[in-house]
Amino acid sequence: MTTRSITVRGLAAAFVLAAAVLAPQARADDDSITLTIKDHRFTPEVVEVPAGKKIKLLVRNEDPTPEEFESYALNREKVIPGGATGIVIIGPLDPGTYEFVGEFNIETAQGKIVAK
Amino acid sequence: MLASAIVVFREVLEAALIVGIIMAATVGLPRRNFWVLAGIFGGLAGSILVAGFADAIAAAASGMGQEFLNATVLFVAVAVLGWSIVWMRRHGRALSRRAKDVGNGVAAGGVPAYMLAVVIGLSVLREGAEAVLFLYGIAAGQGASASLMLLGGATGIAAGIAVGYLIYRGLVRVAARHLFGVTSWLLAFLAAGMASQGAAMLVAAGTLPPIVATAWDTSALLSERNMLGQVLHTLIGYDSHPALVQVLFYVATLGAIVVMMRLADNRRVLPSAGAVAAVILASLAVPATVHAENKVYSPIVHEGEFAIEARGDAAVDRGDTTKKTQTQIYEVEYGVTDRWQTAIFGELRKDAGGPLRYNATAWENILQLFEQGDAWVDSGLYFEYKRADAKDAPDEVEGKLLLEKQLGQTVNTVNFIFEQQVGSHAEEDTEFGYALRTKYRWRPYLEPAIEAYGDIGEISETKPVDEQKHRLGPVIVGLIPVARSVNFYYELGWLFGLTQASPDHSIKWLAELEFHF
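Below: a short report on this structure. (Residues numbered from 1 in each chain as written. Chains lettered and ligands numbered in written order. Predicted model: local features only at pLDDT ≥ 70, side-chain atom pairs only at ≥ 80, totals over all residues.)

Thoughts on the nonpolar core
Heads up, the rule is: Core membership is restricted to buried Ala, Val, Leu, Ile, Met, Phe, Trp, Tyr and Cys residues, and these are joined into a nonpolar core through C-beta atoms within 7 Å. Exposure classification rests on a simple neighbour count of other C-beta atoms within 10 Å of a residue's own: a residue reaching 20 or more is buried, one at 12 or fewer is exposed, and one in between is partly exposed. C-beta atoms are placed from the backbone. By the criteria applied, helices consist of DSSP H or I runs no shorter than four residues and strands consist of E runs no shorter than two, each listed in order from the N terminus.
Of all hydrophobic cores here, the largest spans 67 residues; its most connected members are I21 and A191 of chain B. Among the secondary structure elements, those contributing two or more residues to this core are helix 1 (2-25), helix 2 (32-52), helix 4 (65-100), helix 5 (110-140), helix 6 (144-174), helix 7 (179-204) and helix 9 (244-272) of chain B. It is helix 1 of chain B that contributes the most residues to this core, 15 residues altogether. One finds I37, V59, V79 and I80 of chain A within the second-largest nonpolar core, a separate group that totals 21 residues.

Topic: the interface of chain B and chain A
Operational definition: Residues are scored as being in contact if the C-beta atoms we place from backbone atoms lie within 7 Å. Residues are grouped as follows: nonpolar covers Ala, Val, Leu, Ile, Met, Phe, Trp, Tyr, Cys and Pro; charged covers Asp, Glu, Lys and Arg; every other residue, Gly included, is treated as polar.
Listed as interface residues are 25 residues of chain B and, on the opposing side, 21 residues of chain A. Of the residues in the side of chain B that touches chain A, the class split is 8 nonpolar, 10 polar and 7 charged.

Some remarks on the pairing of strand 7 (residues 85-90) of chain A
Residues and elements named next belong to chain A. We apply this condition: By definition, two strands form a pair when at least two bridges between them are found by DSSP.
Only one face of strand 7 is covered, namely the face carrying G86, V88 and I90; the face carrying T85, I87 and I89 is uncovered. With 6 bridges connecting them, strand 4 (residues 55-61) and strand 7 associate as antiparallel partners. The residue of strand 7 that forms the bridge with R60 is T85.

Some words on the sheet that holds strand 7 of chain A
Residue and element names in this part refer to chain A. This is how it is decided: Structural elements are reduced to axes, namely lines fitted to C-alpha atoms, with helices fitted over the stretch in contact, and the angle between N-to-C directions of any two is expressed from 0 to 180 degrees.
Reading across from one edge, 2-1-4-7 is the order of the 4 strands in this open sheet, with mixed pairing throughout. Every other strand in the sheet has two partners, leaving strand 2 (41-43) and strand 7 as the edge strands with one partner each. The sheet shows a mean angle of 25° between the axes of neighbouring strands, taken without regard to direction.

Observations concerning unusual backbone geometry
Residues and elements named next belong to chain A. Residues T43 and P44 are joined by a peptide bond in cis, for which omega reads -10°. When you line up the elements, P44 lands in the loop between strand 2 and strand 3 (46-49). Not every positive phi belongs to a glycine, and H40 is a case in point at roughly 60°. Tracing the backbone shows H40 in the loop between strand 1 (31-38) and strand 2. The class of H40 is partly exposed, set by 16 C-beta atoms lying within 10 Å.

What to know about the environment of P474 of chain B
Residue and element names in this part refer to chain B. By the secondary structure assignment, P474 is in strand 10 (residues 469-483). With 13 C-beta atoms packed within 10 Å, P474 lands in the partly exposed category. Dropping the residues within four chain positions of it, P474 is found in contact with P448, I450, G493 and W494.

Given below as structure tokens:
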């Protein structure tokens, strides 16, 4: 019984500590960029972002069908239902080009992020 | 006349094949012939009824009544067949003994024989309805040609039955010695084929997505329209251009039946060998340990992703049988939201010296805490409730803290594992373990990694290092696209034991099919 209560207390303390460490730090200078999907194409198809900064991509899907924002280079994949907006957080990125696709319409939905 | 003979022959042949196989599988079952005949006549009566209401059925369910009826008939037949196979497996020995000793022990077989009548009835119903409709259409026509075509139909029926009978004789003779083994496999393939056809009906009705409309196309090589193709279609469910969902139904049905067959075999052994029970009891008495973990969980979940996963872990120490353990897990996962993934899995386990047996069923959940990349390290929580299959074994609750950090091209993942037994015979203390992985993102299809797994023991009183289990080794993982929105994911690794209590070498493997809807 005592060992169990110690365990429980230890776990509770661990979670409080974890919450403090793991939670994202809200920062005013997070950049957000809107990316629109329409007719299974991204607009803009080339997104320029500053290197070395965390970027919030707001992916707005104006098609009625779902789309999956996918990028192996960025290590991100996110399903965005038709008519919805999904958030994809990327970076800080090294300067370079990072390709992404809409996995459900890979022939047309292609784009790249250029970090400078 | 020839044309009508062939049309009817095709329909009758399918039913006759099924009846033939079932009869071969049930040689020696008391009152078998009675139940088979009951099935055939029940099915025929049903066919005539269905044919009579053909128009009404076709119009039902917005024009999809025919498909739904067929699918229902097929799936009921699959369920009954599966049940029958397991029953025969469990009582197979008693049955074959009785076959040699005719007139002995009549009482036992009543219930399954009745179920076989249901399977036969359903098969005859499905094929028969089409034959009856066809013949009725001819009979309703006029003139001398109609009677000629009816004669053709009768020829077709006779030929179909004759072929079915020949197959039955052949099966009984060829497979007499290994009858139960062979025929239960035949029935398993038959059931899998029916499940695949049932899925095809639901795809046609628009209720099931085909996932991939044509998984492959071998119609140029072997069409179901030729004789061999049709026989294979009936026997093992051959389809020259199946939808992927049909293939999945096929594999799932076959897999489920095979697992049940294995379990039935094991159960048959259990009571005769009290030693097995003693081994199980002994393994319960051994201090519990965090069971061999073999997967590192990422905190990231994907909405709308549906996956079927098989994974396992096997110790391959040569000579030392005390460490020859094995775990297999079969799992179905679904990403309900972009923060929550839920899964159900079944676990098979082989303890040292024991047989591979069904160990537990579990419900697994992953909660992703924040948007990926938002915090310095991505985090998630994992909760699992594992229900032990054996009555006197404790259940388990497992919690994990999942952490992941991308550094350059590497992704580093840490799982802290807490496990608590609950229920009867439960250990009081919480056990602690870990799973780690560092992988290098080289190419999507091949990412080299190093994984480590450990089992420290009770939190309040950790074990001496010698008794702890620590394993470490190279692993490759990768993702290969199979079709639009379908990916194959694998992990394959070799783990070295680092302490006395760990197996010196073990293999871990994982194969997963992922679907996005």
